[in-house]
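Below, each chain spelled out in residue letters.
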Protein chains: 2
Amino acid sequence: MRFSPLVERLMEAFRVLPGVGPKTAQRMAMHLLERDREGGQRLAEIVSLALNEVGYCQRCRTLTEQPLCALCESPRRDDALLCVVESPADQLAIEEAGGFQGRYFVLHGHLSPLDGIGPEDIGLDQLEARMAEGGIREVVLATNPTVEGEATAHYIAAQLAEQGVTLSRLAYGVPMGGELEYVDGGTLSRAFNGRLPFRSE
Amino acid sequence: MRFSPLVERLMEAFRVLPGVGPKTAQRMAMHLLERDREGGQRLAEIVSLALNEVGYCQRCRTLTEQPLCALCESPRRDDALLCVVESPADQLAIEEAGGFQGRYFVLHGHLSPLDGIGPEDIGLDQLEARMAEGGIREVVLATNPTVEGEATAHYIAAQLAEQGVTLSRLAYGVPMGGELEYVDGGTLSRAFNGRLPFRSE
Ligand SMILES: [Zn+2]
Ligand SMILES: [Zn+2]
């Protein structure tokens, strides 16, 4: 015996979530079916709505259901500073650390030729168009301190070499091989303030 | 800055799942938005479908989208043995342990006067009607070995005292204070085979 086919399908569906194995999926399915059908229906509605409505900000590519995100709309940020990050979660981590007052550009990943992820997949054509508008003095390449993140930063640095802008990188202080999203605010803030000129080689 | 309102609502919605705190909820939301929108839509559809369609088996009250569950429909089970469990997960654990060949009755909880959960909320009127049909020789009271589970077993035992059926309880071997769902199959199987006559006092 297993559960009924539809209950089994429900448990299977939860496996799409990160870190959810068979036992956790069963607990989730049972919890919703036995104790919180209303909360479960609300979850289903919001997942569906969010996946339909949330797209990328036309300017910085972060996740938003509006054409422009709140941060791009804000008049209180420094247009001369642009911080390039791999993900919205990294952007949030930097914002929560505090200290940076410029704008952002979100790649949604990093270059990965083996997976067929090239420059346009991470919006580098759009980044180039944004640089061409002028007014940017410094670009902080805040990709993850991983092999792929570093390679992506180097690629962007080469792409922007002709633009006459200062390129910088987060100071080491962020742990090598880690992901920005999980770095504590203090470390991240210090790394931001101690950022160094970017060297292509 | 936080995420956009709809992304924040999505993260909040995941908190309905057991064991999901703010950080896990964020990881789930980001995973679906950034990497698996299709899987996420499928999850939303199945959650909604399952919560609408899955109800209780008319005979044993386990979860099923059919009027009768597969186990109640099966001609290969012993109608003279009835095992009363608190939840479908407990029923599955006993089935997976093997050895029991009778039928089930699922309470979906236990008596809890302080929470306003009385006999009819756990289907005891239906259990009584089932006993009145006759043909049952032994009822195994396999509620959880917790204070509430024991109290519920005693209540049912008193209710069935006049029916002239043997009442039994799982042998200790199941750890006190634990939940059947998490007991390993060997222990559960041994406890089942060593079940003892139920004593009301
Ligand atoms: Zn934006
Ligand atoms: Zn049934």
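Residues numbered from 1 in each chain as written. Chains lettered and ligands numbered in written order. Predicted model: local features only at pLDDT ≥ 70, side-chain atom pairs only at ≥ 80, totals over all residues. Heavy atoms only, no water.

> What is the right way to look at the overall build of chain A in this model?
Of regular secondary structure, chain A possesses eight helices and seven strands. For the C-alpha atoms alone, the extent of chain A along its principal axes is close to 65 × 35 × 35 Å. Taken across its 201 residues, chain A has 55% of its residues classed as buried. For chain A, long-range pairs separated by at least 24 residues make up 57% of all intrachain contacts whose partners lie at least 6 apart in sequence. As displayed, chain A has an accessible area near 9,300 Å², and 49% of this comes from carbon and sulfur atoms. (Helix = DSSP H or I, 4+ residues; strand = E, 2+ residues; numbered from the N terminus. Buried < 20%, exposed > 50% of the residue type's maximum accessible area, 1.4 Å probe, protein only. Contact = heavy atoms within 4.5 Å. Areas by Shrake-Rupley, 256 points an atom, 1.4 Å probe, with all protein chains shown as cover.)

> Could you clarify how one ought to interpret the interface of chain B and chain A in this entry?
Quite often, the size of an interface is put as the accessible area lost when its parts meet. Listed as interface residues are 56 residues of chain B and, on the opposing side, 56 residues of chain A. A buried area of about 5,300 Å², summed over both sides, lies between chain B and chain A, and 69% of it is on carbon and sulfur atoms. Across the contact surface, chain B and chain A share two salt bridges. Here Arg2(A) ties to Glu96(B) by a salt bridge, and the two come within 2.7 Å at their closest N and O atoms. Of all the secondary structure elements, the ones that give two or more residues to the side of chain B that touches chain A are α1 (5-14), α2 (22-35), α3 (37-53), β2 (63-64) and α5 (88-97) of chain B. Of the residues assigned to the side of chain B that touches chain A, the class counts are 31 nonpolar, 13 polar and twelve charged. (Buried area = accessible area lost by both parts, 1.4 Å probe. Salt bridge = Lys/Arg side-chain N within 4 Å of Asp/Glu carboxyl O. Nonpolar A, V, L, I, M, F, W, Y, C, P; charged D, E, K, R; others polar.)

> Where do I start with the coordination of the zinc ion (ligand 2) in this structure?
When a metal carries six donors in an octahedron, the ideal angles between them are 90 or 180 degrees, while four donors in a tetrahedron ideally lie at 109.5 degrees. Residue and element names in this part refer to chain B. Looking at the zinc ion (ligand 2), the protein donor atoms are Cys 57 (SG), Cys 60 (SG), Cys 69 (SG) and Cys 72 (SG), and they sit 2.2 to 2.3 Å from it. All donors of the zinc ion (ligand 2) belong to a single chain; written as a sequence motif, their spacing is C-x2-C-x8-C-x2-C. With Cys 57 in the loop between β1 (55-56) and β2 and Cys 72 in helix α4 (residues 70-73), this residue pair connects regions lying 15 residues apart in the sequence. For Cys 57, a relative accessible area of 1% gives the class buried. (Donors = N, O, S within 2.8 Å, 3.2 Å for Na, K, Ca; no water.)

> Explanation requested: the packing of helix α6 (residues 124-132) of chain A against helix α7 (residues 147-160) of chain A in the structure shown.
How two helices pack is summed up by the angle between their axes together with the distance between the axes. Residues and elements named next belong to chain A. Relative to each other, α6 and α7 sit at 40°, their axes nearing to 11 Å. In terms of their interaxial angle, α6 and α7 are classed as oblique. The chirality of how α6 crosses α7 is right-handed. The residues of α7 that touch α6, namely those facing Leu 124, Leu 127, Glu 128 and Met 131, are Tyr 155, Ile 156, Gln 159 and Leu 160. Each residue belonging to the contact of α6 with α7 can be placed in one class, and the counts come to six nonpolar, one polar and one charged. (Axes fitted to C-alpha atoms, helices over the stretch in contact; angles between N-to-C directions. Parallel < 35°, antiparallel > 145°, perpendicular 65-115°, else oblique. Left-handed = near helix turned anticlockwise from the far one by under 90°.)

> When you look at the packing of aromatic side chains in this model, what are you seeing that I'm missing?
How two aromatic rings sit relative to each other is given by the distance of their centres and the angle of their planes. Residues and elements named next belong to chain A. In total, this model carries two aromatic pairs over all chains according to the counting rule given. Consider the rings of Phe 100 and Tyr 104, whose centres lie 5.3 Å apart with planes at 70°: the pair is edge-to-face. Of the two residues, Phe 100 and Tyr 104, both sit in the buried class. (Phe/Tyr/Trp six-rings, centres within 6.5 Å; stacked < 30°, edge-to-face > 60°.)

> Sorry if this is basic, but what is going on with the coordination of the zinc ion (ligand 1) here?
All names here are of chain A. Around the zinc ion (ligand 1), the protein contributes the donor atoms Cys 57 (SG), Cys 60 (SG), Cys 69 (SG) and Cys 72 (SG), which lie 2.3 Å from the metal centre. Relative to the metal, the four donor atoms surrounding the zinc ion (ligand 1) lie at angles of 105 to 119°, and the coordination shape comes out tetrahedral. One chain supplies every donor for the zinc ion (ligand 1), spaced along it as C-x2-C-x8-C-x2-C. Highlighted residues: Cys 60 in the loop between β1 (55-56) and β2 (63-64) and Cys 72 in helix α4 (residues 70-73), separated in sequence by twelve residues. (Tetrahedral: all angles 85-135°; square planar, octahedral: opposite > 155°, others 65-115°.)

> Help me understand α5(B), please; the structure alone is not making it clear to me.
Because the α-helix completes a turn every 3.6 residues, residues three or four places apart line up on one side. Residue and element names in this part refer to chain B. With nine of ten residues buried, α5 lies mostly within the body of the structure. Restricting attention to buried positions, one finds in α5 the residues Pro 88, Ala 89, Asp 90, Gln 91, Leu 92, Ala 93, Ile 94, Glu 95 and Ala 97. After α5 finishes, the residue Gly 98 shows a positive phi value of roughly 85°.

> I would appreciate a short explanation of the nonpolar core in the present structure.
Across soluble globular proteins, nonpolar side chains show a tendency to be buried alongside one another. Counting 51 residues, the largest nonpolar core has Phe14(A), Leu17(A), Phe14(B) and Leu17(B) as the members making the most contacts within it. Listing elements by their share of this core, those giving two or more residues are α1 (5-14), α2 (22-35) and α3 (37-53) of chain A together with α1, α2, α3 and α5 of chain B. Membership of the second largest hydrophobic core comes to 22 residues, among which are Val85(B), Ile94(B), Phe100(B) and Phe192(B). (Core = buried A, V, L, I, M, F, W, Y, C linked by side-chain atoms within 4.5 Å.)

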